[in-house]
Amino acid sequence: MMVSHLADRTPPANLRSLLPFLQGSCFVLIETARFAATSLLIVLGLPLALFLFVAGWDLGGLFTQLANLSDRYLEADGLRRSLFSQDLKGCFLVLAGAVTLVRMPRFLKRLAADLDNHPAREANRD
């Protein structure tokens with residue numbers, strides 16, 4: 001009994017031809033993850049910088065303000081807590097969008113330059 005499979009008739013894919021594509025894709029994903037992580041850290045650090053600025057760069061004043069904020073939050077009713085939470089989420093999203101928009105052109109230029117100056121491609125050109 002002879003069984004023929006379609007997979008047996010097709011030649012194996014040349015994995016070496018996929019290597020530059022996979023390398024480029026991995027590079028773009030790593031750089032994008034780095035960009036997203038640093039943008040998120042910037043957005044999370046901005047409120048701390050703002051509170052420190054308002055407190056006059058004094059940690060005692062910072063913790064006094066945070067204690068006042070937490071006391072007022074705990075004393076508030078459920079509706080006010082919910083509204084404060086929604087406002088906080090909205091501010092976070094707007095701030096994250098603004099930081100991303102400000103940083104995006106430089107990121108794209110650097111990414112394009114790094115992809116154009118890939119050492120493996122330059123070695124193959126010679």
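Residues numbered from 1 in each chain as written. Predicted model: local features only at pLDDT ≥ 70, side-chain atom pairs only at ≥ 80, totals over all residues. Heavy atoms only, no water.

K.L.:
Quick question: what am I supposed to make of the UniProt feature "transmembrane region" (unreviewed entry) in the protein here?
P.N.:
Following the UniProt record, one finds the feature "transmembrane region" (unreviewed entry) at residues 40-63. In this annotation, residues 40-63 is assigned 83% helix and 0% strand; the end-to-end C-alpha distance for the span is 23 Å. (UniProt positions renumbered as here; feature names shortened; annotations may be inferred. Helix = DSSP H or I, 4+ residues; strand = E, 2+ residues; numbered from the N terminus.)

K.L.:
Which parts of the structure should I look at to understand the packing of helix H2 (residues 15-54) against helix H4 (residues 78-116)?
P.N.:
A pair of packed helices is captured by two measures, namely the crossing angle of their axes and the spacing between those axes. Their axes nearest at 9 Å, the elements H2 and H4 cross at an angle of 145 degrees. When you trace H2 past H4, the crossing you get is right-handed. Grouping the constituent residues of the contact of H2 with H4 by class yields 16 nonpolar, 4 polar and 5 charged. (Axes fitted to C-alpha atoms, helices over the stretch in contact; angles between N-to-C directions. Left-handed = near helix turned anticlockwise from the far one by under 90°. Nonpolar A, V, L, I, M, F, W, Y, C, P; charged D, E, K, R; others polar.)

K.L.:
Where do I start with the confidence of the model for the protein in this structure?
P.N.:
Fine structural detail should not be taken from predicted coordinates in areas where pLDDT scores are low. Scored by pLDDT, the protein comes out at a mean of 86, with 83% of its residues at no less than 70. By mean pLDDT, helix H5 (residues 119-125) is the weakest element of the protein at 52, and H4 is the strongest at 94. (pLDDT = per-residue confidence, 0-100.)

K.L.:
It is not clear to me how the layout of surface pockets should be interpreted in this structure. Could you clarify?
P.N.:
With a probe scaled to a water molecule rolled over the atoms, the places where space remains empty come into view. The volume enclosed by the largest pocket comes to roughly 390 Å³. Lining the largest pocket we find 13 residues, and of these Pro 47, Phe 51, Phe 84, Leu 88 and Cys 91 sit closest to its centre. Elements represented by at least two residues in the lining of the largest pocket include exactly H2, helix H3 (59-75) and H4. At 6 residues, H2 tops the list of elements feeding residues into the lining of the largest pocket. When the residues that make up the lining of the largest pocket are grouped by side-chain class, the tally is 13 nonpolar, no polar and no charged. (1 Å grid on protein atoms, 1.4 Å probe; cavity = no way out; pocket = protein on both sides within 12 Å on 5 of 7 lines; lining within 4 Å. Points joined across faces, edges and corners; volume = space filled by probe spheres on them.)

K.L.:
I keep staring at H4 and nothing clicks. Help me out?
P.N.:
Turn by turn, an α-helix covers 3.6 residues, leaving residues three or four places apart pointing in a common direction. Compared with the 57 Å implied by 1.5 Å per residue over 39 residues, the 55 Å span of H4 between its first and last C-alpha is a close match. Of all the bends in H4, the greatest, near 40 degrees, is centred on Met 104, and the proline Pro 105 appears no more than four residues after it. Looking at H4, one finds that the buried residues are Val 99, Phe 107 and Leu 111. Elements that come into contact with the buried residues of H4 comprise H2. (Expected span 1.5 Å × (residues − 1). Bend = angle between axes of the 7 residues up to and from the residue. Buried < 20%, exposed > 50% of the residue type's maximum accessible area, 1.4 Å probe, protein only. Contact = heavy atoms within 4.5 Å.)

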